[in-house]
Amino acid sequence: MTRRLLLVNGPNLNLLGTREPDVYGTATLADVERLTADAAAEVGFEVRAIQSNHEGVLIDAIHAAREDCAAIVINPGGLTHTSVSLRDALTGVDLPFAEVHISDVYAREEFRHHSYLHDVAAVRVIGRGVQGYADAVRELVPLIP
């Protein structure tokens, strides 16, 4: 079995640490990647991380994951609420995935309450800050076939 997870961070998550710190905290994307890699290492996995502000780049990375990854941890950012294509990519590769959101999207604007991924994600971690990435790894790994 492949012992690698793909970590996907969508649009604007490259601004972590400076973007709305009252909502997202002060941890950077590098902090998130390190936290996720540390949690994965605890259970014998490595992590390949990608962040992009371009939907097609994320979809290509998800497609490539079926070659050498056992599962995916994804914070799709704003694409959560808009992208059928991202959903199709995730279901198309047939890898279990965890949907992560740093903030509690249900305590925010109404448009953030809808997720195109919620019914197909193996795990959903919402509103736990950046710690949610590590929680997602720990909840997802036991579900890997």
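About the thresholds
- Residues numbered from 1 in each chain as written.
- Predicted model: local features only at pLDDT ≥ 70, side-chain atom pairs only at ≥ 80, totals over all residues.
- Heavy atoms only, no water.
- Helix = DSSP H or I, 4+ residues; strand = E, 2+ residues; numbered from the N terminus.
- Buried < 20%, exposed > 50% of the residue type's maximum accessible area, 1.4 Å probe, protein only.
- Contact = heavy atoms within 4.5 Å.
- Pairing = 2+ DSSP bridges.
- Axes fitted to C-alpha atoms, helices over the stretch in contact; angles between N-to-C directions.
- Right-handed = clockwise from strand over helix to strand, strands pointing away.
- Parallel < 35°, antiparallel > 145°, perpendicular 65-115°, else oblique.
- Nonpolar A, V, L, I, M, F, W, Y, C, P; charged D, E, K, R; others polar.
- Salt bridge = Lys/Arg side-chain N within 4 Å of Asp/Glu carboxyl O.

**Some remarks on the side chain of His-81**
Residue placement: His-81 occurs in the loop between strand 3 (71–75) and helix 4 (84–93). For His-81, a relative accessible area of 14% gives the class buried. In this structure His-81 touches Phe-111, Arg-112, His-114 and Tyr-116, once residues within four positions along its chain are discounted.

**Some thoughts on the sheet that holds strand 2 (residues 46–51)**
Spatial strand order, 2-1-3-4-5: five strands in an open sheet with parallel pairing. Every interior strand has two partners, whereas the edge strands, strand 2 and strand 5 (123–126), have only one. If you compare each strand with its neighbour and ignore which way they point, the axes differ by 15 degrees on average. In the sheet, strand 3 pairs with strand 4 (residues 97–101) via three bridges, with the strands oriented parallel.

**Side note on helix 5 (residues 131–140)**
Extensive coverage of helix 5 is indicated by the burial of seven of its ten residues. Along helix 5, the residues classified as buried are Gly-132, Tyr-133, Ala-134, Asp-135, Ala-136, Val-137 and Leu-140. Packed against the buried residues of helix 5 are strand 1 (4–9), helix 2 (29–42), strand 3, strand 4 and strand 5.

**Observations concerning the pairing of strand 4**
Burial of strand 4 is extensive: five of the five residues sit out of reach of the surface. Here strand 4 shows no split at all, with Phe-97, Glu-99 and His-101 on one side and Ala-98 and Val-100 on the other all buried. For the crossover from strand 3 across helix 4 to strand 4, the handedness is right-handed.

**A closer look at the packing of helix 3 (residues 55–68) against helix 4**
The interhelical angle for the contact between helix 3 and helix 4, taken along N-to-C directions, is 5 degrees, at an axis separation of 9 Å. The angle between the axes of helix 3 and helix 4 places the two elements in the roughly parallel class. On the side of helix 3, the interface is formed by Glu-55, Leu-58, Ile-59, Ile-62, His-63 and Arg-66, while helix 4 contributes Ser-85, Leu-86, Ala-89, Leu-90 and Val-93. Here the residues of the contact of helix 3 with helix 4 sort into seven nonpolar, two polar and two charged.

**Observations regarding the pattern of salt bridges**
Applying the stated criterion across every chain yields a total of eleven salt bridges. In this structure, Asp-68 engages Arg-4 in a salt bridge whose closest nitrogen and oxygen atoms are separated by 3.0 Å. Of this pair, Asp-68 sits in helix 3 while Arg-4 is found in strand 1, placing the two residues 64 residues apart along the sequence. Taking relative accessible area as the criterion, Asp-68 reaches 23% and is therefore assigned partly exposed. One salt bridge connects Arg-128 with Asp-135, and the closest N-O pair in it is separated by 3.3 Å. A relative accessible area of 38% places Arg-128 in the partly exposed class. Its relative accessible area of 18% is what places Asp-135 among the buried residues. One network of salt bridges, with partners in common, ties together Glu-42, Arg-128, Asp-135, Arg-138 and Glu-139.

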